[in-house]
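# Architecture and fold: a report
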Amino acid sequence: MPSHLNERLQKWGFSWEGLRNNRHGEWWVLAQMILISAHWLPPTPAPAALGIHWPLAMRLIAGFTILTGLFIGGQGALNLGDSLSPLPEPIAGAPLVTEGAYARCRHPLYQSLLLCSLGVTLALGSLLHLGLLLALATVLSLKARREEQRLCSMHATYAAFMASTPAIIPFVPGLDWR
């Protein structure tokens with residue numbers, strides 16, 4: 001493994017021990033990665049198999065939704081900079097970011113993933129992918145709650161930020177717990 005990748009994994013807190021005991025939330029990351037990877041599965045059932053012609057307009061909306069998700073994710077990653085970590089355990093000493101994408105929601109990277117998942121679901125018209133979207137929303141919501149417990153203990157101002165800023169998707173029960 002290249003040394004810079006190994007250094008990054010260590011900075012994030014990844015370890016073999018953590019994979020065994022979920023010390024820093026490694027299981028949440030694994031669940032997230034499995035669900036995201038499963039989006040490559042073919043649509044099941046395919047709309048055509050059900051006698052449904054999936055409209056071009058729906059695929060265009062899906063493409064726009066995916067692009068929006070990618071834009072939000074890129075902006076969120078840039079806003080975090082070196083504080084970016086896939087684990088729900090914040091990097092020790094990392095500053096609290098409340099500007100850019102984080103001014104609109106507390107977890108724009110999770111919002112990005114859900115928008116991309118929604119776009120894939122709309123593009124394919126697949127019940128399987130709808131299930132993956134709902135499962136991903138559940139995993140990310142639970143992961144975000146764990147992350148926020150740690151952020152509250154690290155940053156005195158995080159509780160006020162939580163009260164005034166949507167969590168993942170504004171006004172959607174389970175994804176916004178202001």
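The structure contained in this document is the topic of the report that follows. As the structure is a prediction and not an experimental result, all values here were calculated from the model. (Residues numbered from 1 in each chain as written. Predicted model: local features only at pLDDT ≥ 70, side-chain atom pairs only at ≥ 80, totals over all residues. Heavy atoms only, no water.)

From N to C terminus, the chain includes seven helices and zero strands. Relative to a compact globule of 178 residues, whose C-alpha radius of gyration would be 16 Å, the chain shows 18 Å and is just as compact. C-alpha extents for the chain along the principal axes are approximately 55 × 40 × 25 Å. Taken across its 178 residues, the chain has 40% of its residues classed as buried. A separation threshold of at least 6 residues defines the contact pool for the chain, and within that pool the share at least 24 residues apart is 72%. A total accessible area of about 9,800 Å² is found for the chain, and carbon and sulfur atoms account for 70% of it. Considering the chain, the positive charge centre built from 12 side chains and the negative charge centre built from 9 side chains are found 6 Å apart. (Helix = DSSP H or I, 4+ residues; strand = E, 2+ residues; numbered from the N terminus. Rg over C-alpha atoms; globule rule 2.2 N^0.38 Å. Buried < 20%, exposed > 50% of the residue type's maximum accessible area, 1.4 Å probe, protein only. Contact = heavy atoms within 4.5 Å. Areas by Shrake-Rupley, 256 points an atom, 1.4 Å probe, with all protein chains shown as cover. Lys, Arg positive; Asp, Glu negative; His and termini not counted. Charge placed at Lys NZ, Arg CZ, Asp CG, Glu CD.)

Below, the discussion takes up the environment of Gly 76. Counting through the fold element by element, Gly 76 comes out in helix H4 (residues 56-80). With relative accessibility at 0%, the residue Gly 76 sits in the buried group. With 21 residues separating them along the chain, Gly 76 and Val 97 place their C-alpha atoms 9.7 Å apart. Ignoring any residue separated from it by four or fewer positions in sequence, one finds Gly 76 in contact with Ala 101, Tyr 102, Pro 108 and Leu 109.

Turning our attention to the layout of surface pockets. Within this model, the largest pocket holds a volume of roughly 550 Å³. Along the wall of the largest pocket there are 31 residues; nearest its centre are Leu 80, Ser 85, Tyr 102, Leu 109 and Glu 147. Looking at the lining of the largest pocket, the elements that each hand over two or more residues are H4, helix H5 (108-124), helix H6 (127-154) and helix H7 (158-164). Among the elements that make up the lining of the largest pocket, the one with the highest residue count is H5 (five residues). When its volume is computed, the second largest pocket comes out at roughly 210 Å³. In terms of lining residues, the second largest pocket is bounded by Ile 36, His 39, Trp 40, Ile 66, Leu 70, Leu 113, Cys 116, Ser 117, Val 120 and Leu 136. Elements with a minimum of two residues in the lining of the second largest pocket: H4 and H5. Ranked by residues supplied to the lining of the second largest pocket, first place goes to H5 with four residues. (1 Å grid on protein atoms, 1.4 Å probe; cavity = no way out; pocket = protein on both sides within 12 Å on 5 of 7 lines; lining within 4 Å. Points joined across faces, edges and corners; volume = space filled by probe spheres on them.)

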